[in-house]
Amino acid sequence: MEENRCIKNRKSSMAMITETVKAGTATMCDYDNPMKKIIKNHIKIGTHTCVAQEINILPLNAFKIPLPIGELYPLDVSIENSRLEESKKLIEEYNNSYNGRITCMLGPEAPDRVTKGVLSEVNELSKKFSLNIHMHVACGTR
């Protein structure tokens, strides 16, 4: 299941890159999961990009669970922790790589999709590594 999502996200990213380059833009941002695999698209094409690993606390099947309007979606702390670790690895391996062509940001999805603890840690990492943060203001009805 996760592998299928990874393939779909890499294909979606490649479509975005193709359309962006076709329109004459060679610098872009990419924000998704798993970014360490998706970034290979940017390396292959040669784009200048700022990437962020999406960090959230939603289980992989969260959007397939039918919920009544206003009902809170389920949360899974293990997902949040693993995505934060993936984000750290992405930054260590790719920030300012390929002659500065690839840079990284931190990507907590939204305040209603991460814990306060992770938001605090993202803030500290941002300061420590002088990284920007890409985050939606809100994503759900939480």
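Basis of the calculations
Counting of residues starts from 1 at the beginning of each chain's written sequence and follows it residue by residue. Reporting in this predicted model follows two pLDDT cut-offs: at least 70 for local features of residues, and 80 or more for side-chain atom pairs to be given and counted; totals over whole chains, interfaces and linings ignore these cut-offs and use all residues. Side-chain measures were taken over the full set of non-hydrogen atoms in the model, leaving aside hydrogen atoms and water. As a per-residue measure, pLDDT tells how confident the predictor is, with possible values from 0 to 100. Helix numbers and strand numbers start at the N terminus; a helix is a DSSP run of H or I with at least 4 residues, a strand a run of E with at least 2. Following DSSP output, two strands are said to pair if at least two bridges run between them. Angular values range over 0 to 180 degrees, each being the angle between N-to-C directions of two axes fitted as lines to C-alpha atoms, with helices fitted over their stretch in contact. By the convention used here, residues are in contact when the closest approach between their heavy atoms is within 4.5 Å.

This next bit is on the confidence of the model for the chain. A residue-level look at the chain finds 94% of positions with pLDDT of 70 or above and a mean pLDDT of 87. When pLDDT is averaged over each element of the chain, strand S3 (residues 102-108) comes out on top at 96 and helix H1 (residues 2-22) at the bottom at 80.

Further remarks concern the sheet that holds strand S1 (residues 27-32). Strand order across the open sheet formed by three strands is S1-S2-S3, with parallel pairing between neighbours. Strand pairing shows two members of the sheet lacking a second neighbour, S1 and S3, which therefore form its edges. Going across the sheet, the axis of each strand differs from the next one's by a mean of 20°, ignoring polarity. Bridge count between strand S2 (residues 48-55) and S3: seven bridges; the pairing is parallel. Each bridged residue has a counterpart across the sheet, and for Gln53 the counterpart in S3 is Leu106. Strands S1, S2 and S3 of the sheet are contacted by helix H2 (residues 35-45), whose axis makes an angle of about 160° with S1. Strands S2 and S3 of the sheet are contacted by helix H4 (residues 116-129), whose axis makes an angle of about 155° with S3.

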